[in-house]
Amino acid sequence: MEVVLKNYPRLLEGALLTLEVTLFSVAIGCIIGLFMGLLRLSGAKPLRLLARVYIDFFRGTPLLVQIFIIYYGLPIPQWFRGGQALLTAHFNVPDFISSYMLPVFLSGVIACSLNSGAYIAEIFRAGVQSIEKGQVEAARSLGMTSSQAMRFVVLPQAFKRVVPPLGNEFIAMLKDTSLLSVIGFAELLRQGQLLVGHYYVAFPIYLAVAFIYLIMTFSFSRLVDFTERRLKTGD
Amino acid sequence: MIRVEGLHKGFGRLKVLNGIDCHVSPREVVVVIGPSGSGKSTFLRCINMLEEPTAGKISIDGVSLLDPKTNINSVRAEVGMVFQRFNLFPHKTALENICLAPLKVKNISKGDAESLGHSLLKKVGLSDKANVYPDQLSGGQQQRVAIARALAMQPKVMLFDEPTSALDPEMVGEVLAVMKDLAREGMTMVVVTHEMGFAREVGDRVIFMDEGLIVEEGTPDELFLEPRNNRLKSFLSKIL
């Protein structure tokens, strides 16, 4: 127990990184998801197919494998390394791409946001499809184009409906970022592992790690409930 | 004003309209009656292309709707439609419901849109409900806002698709009253309804449809007092 009490700042540091990587990933995932979700509903078959392939790939393969592919496998573009070399040479910026691999934080965000984007695309698609057909008909009958009907009538209503599933996605992603410990990203679980390796006591440390995850997910689900109730009143 | 020739519409193998010919003159109020499943609503929805006809010709004010060069959005802007289920936008207030299309489709200023909105709310007797959301309005009030919303585009024609069928009986009157006012002002209207009283009082012409065809048409007195067709006779005996 003292191990935890003595080292809890390390765990909190990890928790902060967990939150950061989750926030970035879900935020970028929302942008990708909205875009892909709309492509999925588009009238053009090739666009629908593109979204389909993206969604099926990232939902149908393990996140851990995606993390490996991106961290170990994604080639770093030449211009990126060139830019890095320039920064190091002229502005004394530390060399953050020391090897041929992307830095762990960046790889983590890329992998998690691509993964999250696939799930969020389905959330947005379902949200849009849940809006009554009569809403689009009313908008079109007033002379709006289909994109105007989408922007001013369907999406504002769909956004309200996707708040709860988006909250769930955030919580799921918060937990899934623990997979990033495998590539050495110093998030919460990884910090716990390092402590365990140092002190040779596992139970209290991993219990503390679990507890911190629980605090984060619990408080976030309360926040989602609250927002949901607030949004309902304006309906 | 509206000219429909040889209109056919099928959904897959189901044939809903089997050759409708119909002409509506400016300022005329045409009431469409008929048993359910006779194609009344589909006919109405074809007039603003919410349903795409399988064959036939439709033109409004000389503009052919099925011509690929026609911009259907600008045609729809001039054809107002009122739905059975109101279809108000639930995330917008009564006033915002009315102002949305003039703002976005006609690009008029916010001030102009709002004064237009307020005057239309006054016209339908809901001046005090401008900032109320649809779920706080009764069915009759919602339908009156929906009529005001359609009028905000200053349409040449108004289509009503069973506007009182989803209402509690005590609210039917207030909606019909607004429609009567409109007819009196000279609006061209096509109304699908089961309100025979309204058809008799306001309709210039009544069309009886059955099985996707216009079976009989004429003045309300001709149809209601001296029906010739047997199907019309049995329809009237059931509802009157």
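The structure displayed is predicted, hence computed values, not measured ones. (Residues numbered from 1 in each chain as written. Chains lettered and ligands numbered in written order. Predicted model: local features only at pLDDT ≥ 70, side-chain atom pairs only at ≥ 80, totals over all residues. Heavy atoms only, no water.)

### Looking at the overall build of chain A
Scanning chain A from terminus to terminus reveals nine helices and zero strands. Of the regular secondary structure in chain A, the N- to C-terminal order runs α-α-α-α-α-α-α-α-α. When the backbone C-alpha atoms are referred to their principal axes, chain A occupies close to 70 × 45 × 35 Å. Partitioning the intrachain contacts of chain A with sequence separation of at least 6 by distance along the chain shows that 76% fall at a separation of at least 24. Put simply, chain A shows about 12600 Å² of open surface, and 69% of that area lies on carbon and sulfur atoms. For chain A, the distance from the average position of its 20 positive side-chain charges to the average position of its 14 negative side-chain charges is 7 Å. (Helix = DSSP H or I, 4+ residues; strand = E, 2+ residues; numbered from the N terminus. Contact = heavy atoms within 4.5 Å. Areas by Shrake-Rupley, 256 points an atom, 1.4 Å probe, with all protein chains shown as cover. Lys, Arg positive; Asp, Glu negative; His and termini not counted. Charge placed at Lys NZ, Arg CZ, Asp CG, Glu CD.)

### Thoughts on the sheet that holds strand 5 (residues 63-64) of chain B
Sheet strands line up and pair through hydrogen bonds in the backbone, either parallel or antiparallel. Residue and element names in this part refer to chain B. If you trace the four strands from one edge of the open sheet to the other, you get 2-1-4-5, paired in antiparallel fashion. Single-partner strands in this sheet number two, and they are strand 2 (14-24) and strand 5. With eight bridges joining them, strand 1 (residues 2-11) and strand 2 adopt antiparallel strand pairing. Following the sheet pairing, I2 is matched in strand 2 by V24. Packing against the sheet, helix 1 (residues 40-47) makes contact with strand 1, strand 2 and strand 4 (55-60), and its axis sits at approximately 120 degrees to strand 1. (Pairing = 2+ DSSP bridges. Axes fitted to C-alpha atoms, helices over the stretch in contact; angles between N-to-C directions.)

### Let's talk about the sheet that holds strand 10 (residues 213-218) of chain B
Residues and elements named next belong to chain B. The six strands are arranged 6-7-8-3-9-10 in an open sheet whose pairing can be described as mixed. Two strands bound the open sheet, and with one partner strand each, they are strand 6 (79-82) and strand 10. Recorded for the sheet is a direction-independent mean angle of 20 degrees between the axes of neighbouring strands. Bridging between strand 9 (residues 205-210) and strand 10 involves five bridges; their strand directions are antiparallel. Across the sheet, M209 pairs through a bridge with I214, a residue of strand 10.

### Some remarks on the interface of chain B and chain A
Residue-level contacts link 24 residues of chain B with 19 residues of chain A. Between chain B and chain A lies a buried interface of about 1900 Å² when both sides are counted; carbon and sulfur atoms form 58% of it. The tally of links between chain B and chain A comes to one salt bridge. Linking R45(B) and E137(A) is a salt bridge whose minimum nitrogen-to-oxygen distance equals 2.6 Å. At the boundary of chain B and chain A, one finds six residue pairs in polar contact (both at pLDDT 80 or more). Take the side of chain B that touches chain A: its biggest share by element is three residues, from helix 3 (residues 94-104) of chain B. Considered class by class, the residues forming the side of chain B that touches chain A number 14 nonpolar, four polar and six charged. (Buried area = accessible area lost by both parts, 1.4 Å probe. Salt bridge = Lys/Arg side-chain N within 4 Å of Asp/Glu carboxyl O. Polar contact = N/O pair within 3.5 Å; in protein donor to acceptor, adjacent residues only side chain to side chain. Nonpolar A, V, L, I, M, F, W, Y, C, P; charged D, E, K, R; others polar.)

### A few points about the confidence of the model for chain B
Taken as a whole, chain B shows an average pLDDT of 95; of its residues, 100% reach a score of 70 or greater. Note on the complex model: pTM 0.85, ipTM 0.93. (pLDDT = per-residue confidence, 0-100.)

### With respect to unusual backbone geometry
Residue and element names in this part refer to chain B. The residue M49 is not glycine, and still its phi comes out positive at about 65 degrees. Position of M49 relative to the elements: it lies in the loop between helix 1 and strand 4. For M49, a relative accessible area of 14% translates into the label buried. (Buried < 20%, exposed > 50% of the residue type's maximum accessible area, 1.4 Å probe, protein only.)

### A short note on the layout of surface pockets
All names here are of chain A. When its volume is computed, the largest pocket comes out at roughly 350 Å³. If you list the elements that add at least two residues to the lining of the largest pocket, you get helix 5 (104-129), helix 6 (133-141) and helix 7 (146-176). A per-element tally of the lining of the largest pocket places helix 7 first, with seven residues. Class assignment for the residues of the lining of the largest pocket results in nine nonpolar, five polar and two charged. (1 Å grid on protein atoms, 1.4 Å probe; cavity = no way out; pocket = protein on both sides within 12 Å on 5 of 7 lines; lining within 4 Å. Points joined across faces, edges and corners; volume = space filled by probe spheres on them.)

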